[in-house]
Amino acid sequence: MEESTRYAKNLSCLPSNHPFAILRSQFWPSDTVLDIGCGSGDVGSYLTETGIIVDGIEPEKARADIAQTRLRHVDVGSAGQDINGLADRYTACPFIDVLEHMADPIPALQWAASRAESIYAFVPNAAHYSARLKLLRGDWSYQDDGIFDRDHLRFYNLSTMKSMVTAAGLE
């Protein structure tokens, strides 16, 4: 699997109850979104279909180059770094499958909160039955994606997610 497209998502024909469709329904055309860890821009591009303006930040240059063809503006970097070309304020900053890849996500959440009215976070649920069964079987192997993604540094359930939000001083 090529690293630049490892996290590519097929977002055509999503049902209205899909998490990405629900996220998109939270915005009006011309709202501005800073997609943190935008990957190759799949989710951001999906948001732009309804007139939402999307900028992105992506630490992996090959993914950022792809995203730049799909979003208004993309910078190579991480939340919290000094990044040129971003707006001063955004309607929202989504973290789509990003927080579990960060050694310390709290500063990134605080940085995003200083730039946006709302933050949305999508994280894999480490308490999901499939993860529990895998561990009960003694299987601690990693994969290219999913709950046991080889790049995950942290694992969350609802309780630990709420604790992280509180620790960041957010609601």
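Preceding block: the structure.
Residues numbered from 1 in each chain as written. Predicted model: local features only at pLDDT ≥ 70, side-chain atom pairs only at ≥ 80, totals over all residues. Heavy atoms only, no water.

Relative to the assigned elements, L170 resides in the segment after α6 (158-167). A sequence separation of 115 residues divides L170 from D55, and the C-alpha atoms of the two residues are 23 Å apart. The contact partners of L170, leaving out residues within four places of it in the chain, are L109, A113, I119 and V165. (Helix = DSSP H or I, 4+ residues; strand = E, 2+ residues; numbered from the N terminus. Contact = heavy atoms within 4.5 Å.)

Moving on to unusual backbone geometry. With the exception of glycine, most residues fall at negative phi, and the peptide bonds are largely trans. Here S30, not a glycine, exhibits a phi torsion of approximately 80°, which is positive. On the basis of relative accessibility, which here comes to 51%, the residue S30 falls in the exposed class. One non-glycine residue, D97, adopts positive backbone phi at about 55°. Mapping D97 onto the fold places it in the loop between β4 (90-96) and α4 (105-115). Residue D97 is classed as partly exposed on the basis of its relative accessible area of 32%. (Buried < 20%, exposed > 50% of the residue type's maximum accessible area, 1.4 Å probe, protein only.)

Attention now moves to the pattern of salt bridges. If you walk through the whole model with that rule in mind, you get seven salt bridges. Between D55 and R72 there is a salt bridge; the shortest N-O distance is 2.8 Å. Remark: R72 occurs in the loop between α3 (61-68) and β3 (73-76) and D55 occurs in strand β2 (residues 53-58); sequence separation between them is 17 residues. Across the pair K61 and D65 runs a salt bridge whose closest N-O atoms are separated by 3.0 Å. Taken together, the residues K61 and D65, both in helix α3 and four residues apart, mark about one turn of the helix. Here D65 falls in the partly exposed class, since its relative accessible area comes to 39%. (Salt bridge = Lys/Arg side-chain N within 4 Å of Asp/Glu carboxyl O.)

Honestly, that's just the spatial picture; any functional story needs more than this.
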